Amino acid sequence: MLNMKIFIDSGNTDEIREAHDMGLVDGVTTNPTLASKSGKVFKDLIMEITTIIDGPISAEVVSLTAPEMIAEGEAIAAWHKNIVVKVPLIAEGLKAVKHFTEKGIKTNVTLCFTGSQALLAAKAGATYISPFVGRLDDISTEGMQVIRDIRVIYDNYGYETQILTASARSPMHFLEAARIGSDVITAPFAVIKQLLKHPLTDSGLKQFLADWEKAKK
Ligand code: E4P
């Protein structure tokens, strides 16, 4: 039986380090928005993350043609053995994914919004598919339904592409992803911390400690 892996969706090395110290992080996803928020040079940021987390680290290409994505992705992949090249789910991206797959470079196909897009990414040989559940919820479409669809499609045909539930915004996305059998979920640190919280845990602990103090008197 496989573990569901937890990736942190972040370009903030302080929070990546803190989540790592909690023993929760199997890998990291970044995107151009998160990387630009870090204020660091992209390569420096990714290399710093490799010193914190010994697991898959997604770094996204920003070119739009297959030859350019291939050149950019090969350069990024050469930075460190744990790097996964993140590629947008467009026709040129799939050509690049096919090339990376043939060369043994791991890929994360991003900006996926339907089961059929996910099928195409798997056919191109993607290592991970990133369906964006939160962004679908944002436009009144049930994001988690896409995860259910992809699970069925990949299981129907035995695709080994791993479902990486992305754009997760709440503990319910996390719980539902685990129920469906998503291989990985990536979530911001704030969401990872929310998973821990339960008011009955806090009030129960407070009561135990208060009773303990009383008994000692
Ligand atoms: C990660 O791979 C995605 O880029 C990220 O989860 C997108 O999240 P957002 O929709 O909250 O920006």
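These lines cover the structure that appears in this document, whether it is placed above or below. (Residues numbered from 1 in each chain as written. Predicted model: local features only at pLDDT ≥ 70, side-chain atom pairs only at ≥ 80, totals over all residues. Heavy atoms only, no water.)

Scanning the protein chain from N- to C-terminus turns up eleven helices and eight strands. Here the protein chain holds 217 residues, and 46% of them are scored as buried. Summed over all atoms, the accessible surface of the protein chain reaches about 11,300 Å², with 58% contributed by carbon and sulfur. Taken together, the 23 basic and 26 acidic charged side chains of the protein chain have centroids lying 3 Å from each other. (Helix = DSSP H or I, 4+ residues; strand = E, 2+ residues; numbered from the N terminus. Buried < 20%, exposed > 50% of the residue type's maximum accessible area, 1.4 Å probe, protein only. Areas by Shrake-Rupley, 256 points an atom, 1.4 Å probe, with all protein chains shown as cover. Lys, Arg positive; Asp, Glu negative; His and termini not counted. Charge placed at Lys NZ, Arg CZ, Asp CG, Glu CD.)

Of note, His80 is situated in the loop between helix 4 (66-77) and strand 4 (83-88). Residues His80 and Ile46, spaced 34 residues apart in sequence, show a C-alpha to C-alpha distance of 9.0 Å.

Next up on the list: the site of the ligand. Taken together, Asp9, Thr29, Asn31, Lys86, Phe132, Arg135, Ala166, Ser167 and Arg169 are the residues near the ligand. The contact in question runs from an oxygen atom of the ligand to an N or O atom on the side chain of Ser167, over 2.7 Å. Within the side chain of Arg169, an N or O atom sits 3.0 Å from an oxygen atom of the ligand. Burial of the ligand by the protein amounts to 86% of the accessible area it has alone, namely 350 Å². Across the shell around the ligand, the residue classes tally to two nonpolar, three polar and four charged. (Near = heavy atom within 4 Å. Polar contact = N/O pair within 3.5 Å; in protein donor to acceptor, adjacent residues only side chain to side chain. Nonpolar A, V, L, I, M, F, W, Y, C, P; charged D, E, K, R; others polar.)

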